[in-house]
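Coordinates in review
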Amino acid sequence: MPRPRSEKARQSVLEAMRRALAADGYEAVTIEGLAESAEVSKQTIYRWWPSKAAILGEALLEGSVPGADVAVPMTADLGADLRAWFSAMSDGLAQPEGVALARALIEVTAADPELGLVLNERLAAPIREWVAERVSRGRADGDVRADVDAAAIADQFIAMASYFALIGQPLSAERVEETVVRLLRGIAE
C-alpha cells in the first residue's frame, strides 16, 4: 500500500519546479534536479507524479502562472486596445521562458488531458474576462455590434496565442496590425 504524500515534501517539489522553471526554463528541468533541490528521492517524485509535466501542471495550478499578471489597460480606442493586447502577448512569447512554458503546457495537456483542461481554463479565464469587458465597452461606445459573441472572440485570441506559442514566434507588428484590422472589420457596428 503506497504511503500517503507528505505535504511538506510535496510543497518542496512544487517549489523546486517553480524555482527551476524561473532559473533555467522547463527544458532544463530534470527529475534528478528537482529531487536534489526539494531534498527528496527520485522514487518519492515518481511515486506521486508520472512526469515532470505533471509536476509543472500541479505547480502552476497551486502557484502563480507566469504571464498571467499581464495587464492591458483599456482606453477609448478599441483598435489600440486590441493591438496592445496582441503586442503584450507577443512580447511574452518573444522570451525563451515564455516559449518554454507554453510548450510545457502543451506537453502537460497531452500527457494529462484532464489536468490540461483545468490549466488551460485557468490561463484562458483572464483572456476571456478581458475580451468580455472590452467587447462590452465597445458595445456601449457603439464600436461593436450587439450580436458579437465575446466568447468566440476570446477563443480567437487564445487560439492565436497558442499557435504562436507552439511555433515559438512572436507576432510581428504587421501580423498584429492585420489581425486587428480584420477583427475590427468583423465586429464593428
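Report on the accompanying structure. No experiment lies behind these values; they were computed from the predicted model shown. (Residues numbered from 1 in each chain as written. Predicted model: local features only at pLDDT ≥ 70, side-chain atom pairs only at ≥ 80, totals over all residues. Heavy atoms only, no water.)

Quick look at the nonpolar core now. By size, the foremost hydrophobic cluster in this structure holds 30 residues, and its most contacted members are Leu34, Ile45, Trp49, Ile55 and Leu56. Going through the elements one at a time, helix 1 (7-24), helix 2 (31-38), helix 3 (42-48), helix 4 (52-62), helix 6 (96-111) and helix 7 (113-141) are the ones with two or more residues in this core. Sort the elements by how many residues they give to this core and helix 1 lands first, with seven residues. Trp49 has contacts with Arg5, Arg10, Val13, Leu14, Ala54, Ile55 and Glu58, leaving out every residue within four places of it along the chain. One finds Leu82, Trp130, Ala165 and Leu171 within the second-largest nonpolar core, a separate group that totals 29 residues. (Core = buried A, V, L, I, M, F, W, Y, C linked by side-chain atoms within 4.5 Å. Buried < 20%, exposed > 50% of the residue type's maximum accessible area, 1.4 Å probe, protein only. Helix = DSSP H or I, 4+ residues; strand = E, 2+ residues; numbered from the N terminus. Contact = heavy atoms within 4.5 Å.)

The next thing to look at is the packing of aromatic side chains. Overall, the coordinates contain six aromatic pairs when judged by the stated rule. With 4.7 Å between their ring centres and 40° between their planes, Phe86 and Phe157 make a pair best called tilted. Within this pair, whereas Phe86 is found in helix 5 (residues 78-94), its partner Phe157 is found in helix 8 (residues 150-167), the two being separated by 71 residues in sequence. With respect to burial, Phe86 and Phe157 carry one shared label: buried. (Phe/Tyr/Trp six-rings, centres within 6.5 Å; stacked < 30°, edge-to-face > 60°.)

Two quantities define a packed helix pair, namely the angle between the axes and the distance from one axis to the other. Taken N-terminus to C-terminus, the directions of helix 4 and helix 7 make an angle of 40°; their axes are 10 Å apart at the nearest point. Here the hand of the crossing between helix 4 and helix 7 comes out left-handed. In this structure, helix 4 contributes Ala54, Gly57, Glu58, Leu60, Leu61 and Glu62 to the contact, and helix 7 contributes Leu115, Val118, Leu119 and Arg122. Of the residues assigned to the contact of helix 4 with helix 7, the class counts are six nonpolar, one polar and three charged. (Axes fitted to C-alpha atoms, helices over the stretch in contact; angles between N-to-C directions. Left-handed = near helix turned anticlockwise from the far one by under 90°. Nonpolar A, V, L, I, M, F, W, Y, C, P; charged D, E, K, R; others polar.)

Here we come to the pattern of salt bridges. Two side chains carrying opposite charge are able to pair once their charged atoms lie near each other. Summed over the entire model, instances satisfying the criterion amount to twelve salt bridges. Two residues, Glu7 and Arg10, come together in a salt bridge whose shortest N-O distance is 2.8 Å. Here Glu7 pairs with Arg10, and both are found in helix 1, just three residues apart, close to one helical turn. Since its relative accessible area comes to 43%, Glu7 is described here as partly exposed. Counted as one network, the salt bridges with shared partners bring together Glu7, Arg10, Glu58 and Glu62. (Salt bridge = Lys/Arg side-chain N within 4 Å of Asp/Glu carboxyl O.)

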